[in-house]
Amino acid sequence: MGSRSGGPSGDLRKSAEEERLSSWMRQAQEGDVEAYNQLLGRLADLARRYVRRAIGFGSGQDGYAHEDVVQEILLAIHAKRHTYEPGRFFLPWFYAISRYKFIDEIRRRTAARRESSLSEELGGEAVLADVGDALDLHALLADLPEKQRTLLRLVKLEGLSVEEASGRTGYSVSDVKVSIHRALKALRKKVEPQ
């Protein structure tokens, strides 16, 4: 994505944006606060545009989620600014960091969605909310027999299909289904109010 910033020819060496950003970064590394503020202002705009394209317009995502990713990108730039080498291109360095932060966000959302799905199967989020923060999902899983715990993690937390879990573990498809059903039933009993 960074290589497309160079205008009609796509050559970063001829890009005014590349020259301006790399110059501001060099100055910032030398302690120029004004150059750093200009750099961060421009990078915030580039990060917003990158995140909007990556997540997609009209995908139902709220603006706060976009802005969270933008802020994560800017924090990463701040934390990694010492790794930028002034003789190298700035935009590829920036977009690499942006890409990694975006991937981190996708992983976080995927994990949250899987845990939410598991909590719904355990009796809904309301039941889990009543139990409070003291209950830890991993602690609940630790009490299950090894086979049930492994299969539940593979299917409900890692997102494998029943068939994939069967192939990975060597258990039959019906055995995987029964074990997951029993595991969910056991967990439901633990979290339901007595």
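Given the structure is predicted, the values throughout are model-derived calculations rather than measurements.

Undergrad: Before we go on, may I ask you to explain helix α8 (residues 162-169) in this structure?
TA: Along an α-helix, residues three or four apart share an orientation, since each turn contains 3.6 residues. All buried positions along α8 are accounted for by V162, A165 and S166. What you see down the axis of α8 is that its buried residues fit within an arc of 105°, all on one side. Summarising the geometry of α8, the exposed residues directed more than 90 degrees from the buried face are E163, G167 and R168. Once α8 finishes, G170 follows within two positions and takes phi at roughly 90°, a positive value.

Undergrad: Before we go on, may I ask you to explain helix α2 (residues 33-55) in this structure?
TA: With 23 residues, α2 ought to run about 33 Å at 1.5 Å a step, and its terminal C-alpha atoms sit 32 Å apart, in line with that. A35, Y36, L39, L43, A44, L46, A47, Y50, V51 and I55 are the residues of α2 that are buried. Among the residues of α2, the N-terminal cap falls to D32, whose side-chain oxygen and the backbone nitrogen of E34 are separated by 3.0 Å.

Undergrad: Looking at this model, I keep getting lost on the nonpolar core. Mind explaining?
TA: Soluble globular proteins tend to bury their nonpolar side chains together. Counting 28 residues, the largest nonpolar core has L21, L39, L43, F90 and F94 as its most contacted members. Broken down by secondary-structure element, the contributors of at least two residues to this core are α1 (16-29), α2, α3 (63-80) and α4 (90-121). Not counting residues up to four positions away in its chain, the partners in contact with L21 are L39, R42, L43, L46, F90 and L91. Grouped together as the second largest cluster of nonpolar side chains are 16 residues, L140, L160, I180 and L187 included.

What counts and how
Residues numbered from 1 in each chain as written. Predicted model: local features only at pLDDT ≥ 70, side-chain atom pairs only at ≥ 80, totals over all residues. Heavy atoms only, no water. Buried < 20%, exposed > 50% of the residue type's maximum accessible area, 1.4 Å probe, protein only. Helix = DSSP H or I, 4+ residues; strand = E, 2+ residues; numbered from the N terminus. Arc of directions from axis to C-beta. Expected span 1.5 Å × (residues − 1). Polar contact = N/O pair within 3.5 Å; in protein donor to acceptor, adjacent residues only side chain to side chain. Core = buried A, V, L, I, M, F, W, Y, C linked by side-chain atoms within 4.5 Å. Contact = heavy atoms within 4.5 Å.

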